[in-house]
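Tertiary structure, described
Read off the chains here:
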Amino acid sequence: MVDLKEGKPVSSSSSSPSSSLSLSTMQIDVEMWKIAEERAQEILNTIQPICVADRSRNEIFAYVQTLVRNRLGTEVKNLVFNFGSVPLKTYLPDGDIDLTVLTPQDKEEDFAKALLSILEAESGESNFHVTDVQYVPAQVKVIKCKIKNIAVDISFNQMGGLSALCFLEQADQIFGRDHLFKRSIILIKAWCYYESRILGANTGLISTYALAVLVLHIINIGYPSLSGPLAVLFKFLDYYASFDWGKNCVTVHGPILISALPDITQTEHHEVVLNEKFVRECMESYSFSTKAVEANGRHFPVRYFNIVDPLKHSNNLGRSVTQGNVQRLKHAFTLGAKKLKDVLTLPRETMGWKLEKLFGNSLERNGKGQRLDVDEPITAFGTGRSEVSELRGDCERYFQSLVYGKWFHGEPKLWIPQGQDTSSWDTVNGQENNFYWRNVNGATSLQNMGRSRGTGTFIPKMGQQSYTDRFGSQPRTVKSSPSGSQS
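Residues numbered from 1 in each chain as written. Predicted model: local features only at pLDDT ≥ 70, side-chain atom pairs only at ≥ 80, totals over all residues. Heavy atoms only, no water.

**Focus on the overall build of the protein chain**
- When its secondary structure is counted, the protein chain shows 15 helices and 13 strands.
- Counting contacts in the protein chain only where the partners sit at least 6 residues apart, residues at least 24 apart contribute 70% of the total. (Helix = DSSP H or I, 4+ residues; strand = E, 2+ residues; numbered from the N terminus. Contact = heavy atoms within 4.5 Å.)

Structure follows, in structure tokens:
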């Protein structure tokens, strides 16, 4: 993982307290923002991951692990990993579970068909209620099914998902402020999925990873002025509604001209939290080499909606968006920004329930004391109470999974965390382990992997109060990270 040092705060007039907070051309009193953010957090309490839902999803993960371990033999023993929004703790109640099984590259289809048969046999026989099992024999082979009424996608050798998980988890820890990044993803994802119906790569719209990078872009370039998830949502809608997708491409650091590709260093000048050096170190630590990457080189496939993958610059995260849907997205962003602006300029007596109306579908589906991913009744919206939630992930465990995957597929010069038990790694498919231990800059622990001195990356000293201080009277659902959430 990448080690960061705290530096000087961002030089920006918006980072200091003032009597009002400016977003775009809109001036709203700080006290009104506080009230709006409090109500937004109440909505978040209803749709964000909660501990009882985490437990239910982890049981499904363990169930699939057991099936693979007991039925598919020693070649894939202990080689099932989860990735995506569930371990990242940014899933919605309707969100699916993404799992990947490590197999020899030339045996993916064999293992996929074998696992398909196992899951089909489980239908009607297991207490986990396996239904709707189907196999998608595409370039990325996927088994789709429902387990305990939750959608599960099982892929094979999708190491890119583990890489993205490590990167996004560390970005959240660096941004800190009680998981501002994750809470913003959840709120914006809910607006996109429940309110605007613009989320879903399989329908020519935005993928969840692309959405996370779009949110990351907003927070990275506007961190000092963003008071909470609702401010991020407004900036997200206002910014992308006027974004020229025909000429520009989104990167973590700022927009770049499509004509400048593959050079992604010519971004507009922004003071950022995650700078280019940090992202480069993440690429070195988290990226996974494949033959496809080597074949494509640095070629970026330009489409109608262009987003550069921060970990693989030849990957266009917006490639799923069709030409006809670009205008649909821009219209949704424009309308959403207008509606939210109208809500935020209302008197405080009516602003709260108007904000609830803006998330009416989200609350109608999830705010009545039931969630799709939980069997038991939960706290309903509007009661002043909330379920226990923990949004902090286990970055070290995610990274160890990634290291194991690299080792399994024979990546050369692999660094393995000191102290890692590799006794079960010695033989894979009859091949001896010919990898070795290596320290990076004298690293003796996982936290020091890829460490470079003087990265220049820093966390701005915010003028605004933290969510914990400002909203301490509200039900406590999001726990603070130690040491200011810095990695």
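Next comes the rest of the account.
**A word on unusual backbone geometry**
- Residues other than glycine seldom take positive phi values, yet Asn157 does so here, at roughly 60 degrees.
- Take Asn157: it is sitting in the loop between strand S7 (150-156) and helix H5 (159-175).
- The backbone phi angle of Asp178 is positive, close to 55 degrees, even though this residue is not glycine.
- Following the sequence through the fold, Asp178 ends up in the loop between H5 and helix H6 (180-195).

**Focus: the side chain of Thr379**
- For Thr379, the location among the structural elements is in the loop between helix H13 (360-366) and helix H14 (395-408).
- Sequence-distant contacts of Thr379, defined by excluding residues within four places in its chain, comprise Gly369, Arg385, Ser386 and Glu387.

**With respect to helix H1 (residues 30-47)**
- With 18 residues, H1 extends 26 Å from end C-alpha to end C-alpha; this agrees with the ideal 26 Å at 1.5 Å per step.
- For H1, the set of buried residues is Met32, Trp33, Ala36, Glu37, Glu38, Ala40, Gln41, Ile43, Leu44, Asn45, Thr46 and Ile47.
- The residue sitting at the N-terminus of H1 and contributing the capping side-chain oxygen is Asp29; that oxygen lies 2.9 Å from the backbone nitrogen of Glu31. (Expected span 1.5 Å × (residues − 1). Buried < 20%, exposed > 50% of the residue type's maximum accessible area, 1.4 Å probe, protein only. Polar contact = N/O pair within 3.5 Å; in protein donor to acceptor, adjacent residues only side chain to side chain.)

**Examining the pairing of strand S5 (residues 130-136)**
- Note: S5 against strand S6 (residues 142-147), 5 bridges, orientation antiparallel. Each bridged residue has a counterpart across the sheet, and for Val130 the counterpart in S6 is Ile147. (Pairing = 2+ DSSP bridges.)

**Points about the state of the cysteines**
- Taken as a whole and judged by the stated rule, the model has 0 disulfides.
- Free cysteine Cys395: the closest other cysteine sulfur is in Cys166, separated by 5.6 Å.
- For Cys395, a relative accessible area of 5% translates into the label buried. (Disulfide = S-S within 2.5 Å.)

**Brief notes about the pattern of salt bridges**
- Using the criterion set out here, one finds 14 salt bridges in the structure.
- In this structure, Lys182 and Glu169 form a salt bridge, with 2.7 Å as the shortest nitrogen-oxygen distance. One end of the pair, Lys182, is in helix H6; the other, Glu169, is in helix H5, with 13 residues separating them in the sequence.
- The exposure class of Lys182 is buried, given its relative accessible area of 0%.
- In this structure, the salt-bridge partner of Asp394 is Arg397, at a minimum N-O distance of 3.8 Å. (Salt bridge = Lys/Arg side-chain N within 4 Å of Asp/Glu carboxyl O.)

**Re the pairing of strand S4 (residues 97-101)**
- Among the 5 residues of S4, 5 are classified as buried, and the element is accordingly described as predominantly covered.
- What you see with S4 is no split at all: Ile97, Leu99 and Val101 on one side and Asp98 and Thr100 on the other are buried throughout.
- Across 4 bridges, the pairing between strand S3 (residues 80-83) and S4 is antiparallel. Pairing of Asn82 across the sheet is with Leu99, part of S4.
- Relative to S7, S4 runs parallel, the two sharing 5 bridges. Bridging across to S7, Leu99 finds its partner in Ile154.

**Here's the deal with the side chain of Asn248**
- Along the chain, Asn248 turns up in strand S8 (residues 248-250).
- Note on Asn248: relative accessible area 18%, which makes it buried.
- Those residues within four positions of Asn248 in sequence are excluded, and the remaining contacts are Phe243, Ile256, Leu257 and Ile258.

**Notes on the nonpolar core**
- Ranked by internal contacts, the top residues of the largest apolar core, which has 100 residues, are Leu230, Phe236, Tyr240 and Phe333.
- Ile97, Leu115, Ile118 and Val130 belong to the second largest nonpolar core, which has 34 residues in total. (Core = buried A, V, L, I, M, F, W, Y, C linked by side-chain atoms within 4.5 Å.)

**Regarding the packing of H5 against helix H9 (residues 276-286)**
- Direction vectors running N to C along H5 and H9 enclose 145 degrees, while the axes themselves pass 10 Å from each other. Handedness of the crossing formed by H5 with H9: right-handed. The residues of H9 that touch H5, namely those facing Ser163, Cys166, Phe167, Gln170 and Ile174, are Phe278, Cys282 and Tyr286.
- Looking at side-chain class alone, the contact of H5 with H9 contains 6 nonpolar, 2 polar and no charged residues. (Axes fitted to C-alpha atoms, helices over the stretch in contact; angles between N-to-C directions. Left-handed = near helix turned anticlockwise from the far one by under 90°. Nonpolar A, V, L, I, M, F, W, Y, C, P; charged D, E, K, R; others polar.)

**Some thoughts on the sheet that holds S6**
- As summarised here, the arrangement of the 5 strands in space is S3-S4-S7-S6-S5, forming an open sheet in which the pairing is mixed. Since the sheet does not close on itself, it has two edges, and those belong to S3 and S5, each with one partner. Taking the axes of each pair of neighbouring strands and ignoring which way they run, one obtains an average angle of 25 degrees across the sheet.

**A look at the packing of aromatic side chains**
- Going through the model one piece at a time under the given rule, you end up with 17 aromatic pairs.
- Aromatic side chains Tyr193 and Tyr194 sit 5.0 Å apart centroid to centroid with 75 degrees between the ring planes, which places their arrangement in the edge-to-face category.
- Here the aromatic residues Phe236, Tyr239, Tyr240, Phe243, Trp245, Phe305 and Phe333 are joined through ring pairs into a cluster of three or more.
- The ring of Tyr223 has Arg177 lying over it, and the distance from NZ or CZ to the ring centre is 4.9 Å. (Phe/Tyr/Trp six-rings, centres within 6.5 Å; stacked < 30°, edge-to-face > 60°. Lys NZ or Arg CZ within 6 Å of the ring centre and 35° of its normal.)

**Topic: the confidence of the model for the protein chain**
- In this model, the protein chain carries an average pLDDT of 81, and 75% of its residues clear a pLDDT of 70 or more.
- Low pLDDT, under 50, characterises residues 4-22; the predicted model gives this stretch 49 contacts beyond four residues in sequence or across chains.
- In the model, residues 426-487 has pLDDT below 50 throughout and makes 164 contacts with residues more than four positions away in sequence or in other chains. (pLDDT = per-residue confidence, 0-100.)

**A few points about the environment of Leu237**
- Along the chain, Leu237 turns up in helix H8 (residues 229-241).
- A C-alpha to C-alpha distance of 8.6 Å links Leu237 and Leu335, two positions 98 residues apart in sequence.
- Those residues within four positions of Leu237 in sequence are excluded, and the remaining contacts are Trp191, Phe333, Gly336, Ala337 and Leu340.

**A look at H9**
- Listed as buried for H9 are Phe278, Val279, Glu281, Cys282, Ser285 and Tyr286. The buried side chains of H9 occupy one side of the element, clustering within an arc of 160 degrees when seen end-on.
- Residues of H9 that are buried sit in contact with H5 and H14. (Arc of directions from axis to C-beta.)

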